[in-house]
Amino acid sequence: MAVRDIVIYPHEVLKNPTQKVEDINDEIIQIVNDMWETMYEKDGIGLACNQIGIPYSIIVVDTSIKEGVQPVKLTLINPEIIASEGKQTYKEACLSVPGVAAEVERAYWIKVKALTPKGQEEIFEFEGFPAVVFQHEIDHLSGRVFLERLKGVKRRLALEKYKKVLRQLERAKKNRESA
Ligand code: ZN
């Protein structure tokens, strides 16, 4: 197992839809293991495969590191939201969009069809906080980050802030290289 680098938005791999996994072979199992290790290393609650630069439709989620929410720990392959209801707003952040958090409106309840790592198709239902996390991660698989869920002024402000963060990261990288 290995901790992988997190790809930072707006990298192309985060802006394009991922491919469905056709065969859960050793390569896929290795990727899933690396996703878990990377997510825990970075203190994430969820991670999509394209966030480590590999365009497969796989997500890992573990909400148990957050207190006071329903603990859900799952690897889902080719997940698809097949039903949703209600609304909720939650302040989201993302390992691939460092330094920015914003309130995003999403469904309160979702039903998801996915394969388990054993290759079985299952239906899952999530509500409240876990539903936020799964919608955020499944969005990644369709090439979308949470910033794109924002509207109007909120979106503009978040994008402006993110541009500043990117410039800071760029400067810090240059300083490291010249040091
Ligand atoms: Zn994310």
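Look up a bit, the structure's there.
Quick summary incoming for the structure in this document. (Residues numbered from 1 in each chain as written. Predicted model: local features only at pLDDT ≥ 70, side-chain atom pairs only at ≥ 80, totals over all residues. Heavy atoms only, no water.)

## Thoughts on the overall build of the protein
Here comes step 1: When you go through the protein residue by residue, the secondary structure sums to three helices and seven strands.
Here comes step 2: Ordering the α and β elements of the protein from the N terminus gives α-β-β-β-β-β-β-β-α-α.
Here comes step 3: Radius of gyration (C-alpha) of the protein: 16 Å, near the 16 Å computed for a compact globule of 179 residues.
Here comes step 4: Judged by the C-alpha coordinates and their principal axes, the protein covers about 50 × 40 × 30 Å.
Here comes step 5: When contacts within the protein are restricted to residue pairs at least 6 apart in sequence, those whose partners lie at least 24 apart make up 64%.
Here comes step 6: Total accessible area computed for the protein in this model is approximately 10000 Å², and 48% of it derives from carbon and sulfur atoms.
Here comes step 7: A gap of 10 Å separates the mean positions of the 26 positive and 27 negative side-chain charges of the protein. (Helix = DSSP H or I, 4+ residues; strand = E, 2+ residues; numbered from the N terminus. Rg over C-alpha atoms; globule rule 2.2 N^0.38 Å. Contact = heavy atoms within 4.5 Å. Areas by Shrake-Rupley, 256 points an atom, 1.4 Å probe, with all protein chains shown as cover. Lys, Arg positive; Asp, Glu negative; His and termini not counted. Charge placed at Lys NZ, Arg CZ, Asp CG, Glu CD.)

## With respect to helix 1 (residues 26-41)
Here comes step 1: The end-to-end C-alpha distance of helix 1, which contains 16 residues, comes to 22 Å, matching closely the 22 Å that a straight helix rising 1.5 Å per residue would cover.
Here comes step 2: Among the residues of helix 1, those classed as buried are Ile 28, Ile 31, Val 32, Asp 34, Met 35, Trp 36, Thr 38 and Met 39.
Here comes step 3: Its side-chain oxygen 3.2 Å from the backbone nitrogen of Glu 27, Asn 25 forms the N-cap of helix 1.
Here comes step 4: Just beyond helix 1, the residue with positive phi is Asp 43, at close to 60°. (Expected span 1.5 Å × (residues − 1). Buried < 20%, exposed > 50% of the residue type's maximum accessible area, 1.4 Å probe, protein only. Polar contact = N/O pair within 3.5 Å; in protein donor to acceptor, adjacent residues only side chain to side chain.)

## A look at the coordination of the zinc ion
Here comes step 1: Within the protein, the atoms that donate to the zinc ion are Cys 94 (SG), His 136 (NE2) and His 140 (NE2), at distances of 2.0 to 2.2 Å.
Here comes step 2: Of note, the zinc ion draws all its donor residues from one chain, in the sequence arrangement C-x41-H-x3-H. Of this pair, Cys 94 sits in strand 4 (residues 88-94) while His 140 sits in helix 2 (residues 129-141); the two residues are 46 residues apart in sequence, bridging distant segments of the chain. The pair Cys 94 / His 140 is uniform in exposure class, with both members buried. (Donors = N, O, S within 2.8 Å, 3.2 Å for Na, K, Ca; no water.)

## Points about the packing of aromatic side chains
Here comes step 1: Evaluation of the coordinates by the stated rule reveals five aromatic pairs.
Here comes step 2: Centroid distance Trp 36 to Tyr 40: 5.6 Å. Interplanar angle 35°. Geometry classified as tilted. Of the two residues, Trp 36 and Tyr 40 are both situated in helix 1; the distance of four residues between them amounts to about one turn of the helix.
Here comes step 3: What makes Tyr 40 partly exposed here is its relative accessible area of 34%.
Here comes step 4: Among the aromatic residues, those joined into a ring-pair cluster are Phe 124, Phe 126 and Phe 134.
Here comes step 5: Taking NZ or CZ as reference, Lys 66 lies 5.4 Å from the ring centre of Phe 129, over its face.
Here comes step 6: Above the ring of Trp 36, the side-chain terminus of Lys 73 is found at 5.4 Å from the ring centroid. (Phe/Tyr/Trp six-rings, centres within 6.5 Å; stacked < 30°, edge-to-face > 60°. Lys NZ or Arg CZ within 6 Å of the ring centre and 35° of its normal.)

## A short note on helix 3 (residues 152-178)
Here comes step 1: In this model helix 3 runs 40 Å from its N-terminal to its C-terminal C-alpha over 27 residues, within 8% of the 39 Å that 1.5 Å per residue would give.
Here comes step 2: All of the buried residues along helix 3 are Ala 158, Tyr 162 and Val 165.
Here comes step 3: Taken together, the buried residues of helix 3 touch strand 5 (97-106).

Honestly, it's all geometry; don't read function into it.
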